[in-house]
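Close look at the chain arrangement
This is what each chain is made of:
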Amino acid sequence: MKRLVIIAAAALALPAHADTWKSLKDAAKQQAAQKAEEQLNLPQAAPQGAKVYFIEPKNGAEVTSPVRVVFGLSGMGVAPAGVNQPNTGHHHILIDDPAVDFTQPLPATDQIKHFGGGQTETLLELKPGKHTLQLVLGDWKHQPHNPPVMSEKITITVK
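All of the points below concern the structure found in this document.

Calculation notes
Residues numbered from 1 in each chain as written. Predicted model: local features only at pLDDT ≥ 70, side-chain atom pairs only at ≥ 80, totals over all residues. Heavy atoms only, no water. Core = buried A, V, L, I, M, F, W, Y, C linked by side-chain atoms within 4.5 Å. Buried < 20%, exposed > 50% of the residue type's maximum accessible area, 1.4 Å probe, protein only. Helix = DSSP H or I, 4+ residues; strand = E, 2+ residues; numbered from the N terminus. Contact = heavy atoms within 4.5 Å. Pairing = 2+ DSSP bridges. Axes fitted to C-alpha atoms, helices over the stretch in contact; angles between N-to-C directions. Salt bridge = Lys/Arg side-chain N within 4 Å of Asp/Glu carboxyl O.

Here we come to the nonpolar core. Counting 22 residues, the largest nonpolar core has Val-67, Val-69, Ile-93, Leu-124, Leu-133 and Ile-156 as its most contacted members. Contributions of two or more residues to this core are made by strand 1 (51-56), strand 3 (67-74), strand 5 (88-95), strand 8 (129-138) and strand 9 (154-158). Among the elements that line this core, the one with the most residues is strand 3, at four residues. Ignoring sequence-local partners within four residues, the contact set of Leu-124 consists of Ser-65, Pro-66, Val-67, Val-69, Ile-93, Ile-95, Lys-113 and Leu-133.

Rendered as structure tokens:
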């Protein structure tokens with residue numbers, strides 16, 4: 001009887017054991033994919049129909065500095081830089097049309113602002129005059145997705 005109880009307990013534990021192995025295999029696959037993306041500079045795929053856009057300011061707006069900028073995103077989620085989750089990214093603002101290599105992680109410059117904490121709005125200090133703004137979503141390593149998820153370029157005037 002004792003032997004039957006032990007066999008029954010072991011049989012009940014098998015599914016949990018199989019789930020553990022599946023979880024370990026899935027984690028190993030994700031780590032390998034992340035390492036390959038990083039070493040080979042492979043962009044993450046963007047889901048079809050994903051869009052990033054400006055909620056505020058509107059194209060053609062006259063504003064004062066600091067400029068409140070609110071980001072919109074549909075078809076994807078927001079995750080901080082360094083967090084490798086499928087169908088997510090974090091925002092970058094391109095100011096006054098900087099040269100960008102979309103096959104590489106975006107550098108942080110005066111014209112390329114990073115929001116790697118997962119921020120969805122900011123205050124930008126801009127000099128008086130006309131400026132262009134464009135949003136680009138970056139993956140966990142600041143690299144634009146494939147295809148790039150970018151907003152339309154807007155023009156604002158800072159008084």
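What follows is about the sheet that holds strand 1. If you trace the three strands from one edge of the open sheet to the other, you get 1-3-7, paired in antiparallel fashion. The outermost strands of the open sheet, each flanked by one partner alone, are strand 1 and strand 7 (121-124). Adjacent strand axes in the sheet meet at a mean angle of 30 degrees, parallel and antiparallel pairs treated alike. As defined by bridge partners, strand 3 adjoins strand 7 across four bridges and the pair is classed as antiparallel. Residue pairing for strand 7: Val-70 is matched across the bridge by Glu-121.

In terms of burial, strand 8 is largely enclosed, as seven of its 10 residues are buried. When strand 5 meets strand 8, the two strands line up antiparallel, connected through six bridges. Bridged to Leu-94 within strand 8 is Gln-134.

Further remarks concern the pattern of salt bridges. All chains considered together, the criterion is met by four salt bridges. With its nearest N and O atoms 3.3 Å apart, the salt bridge here joins Arg-68 to Glu-121. Note that Arg-68 is positioned in strand 3 and Glu-121 in strand 7, a separation of 53 residues in sequence. By relative accessible area, which is 38% here, Arg-68 ends up partly exposed.

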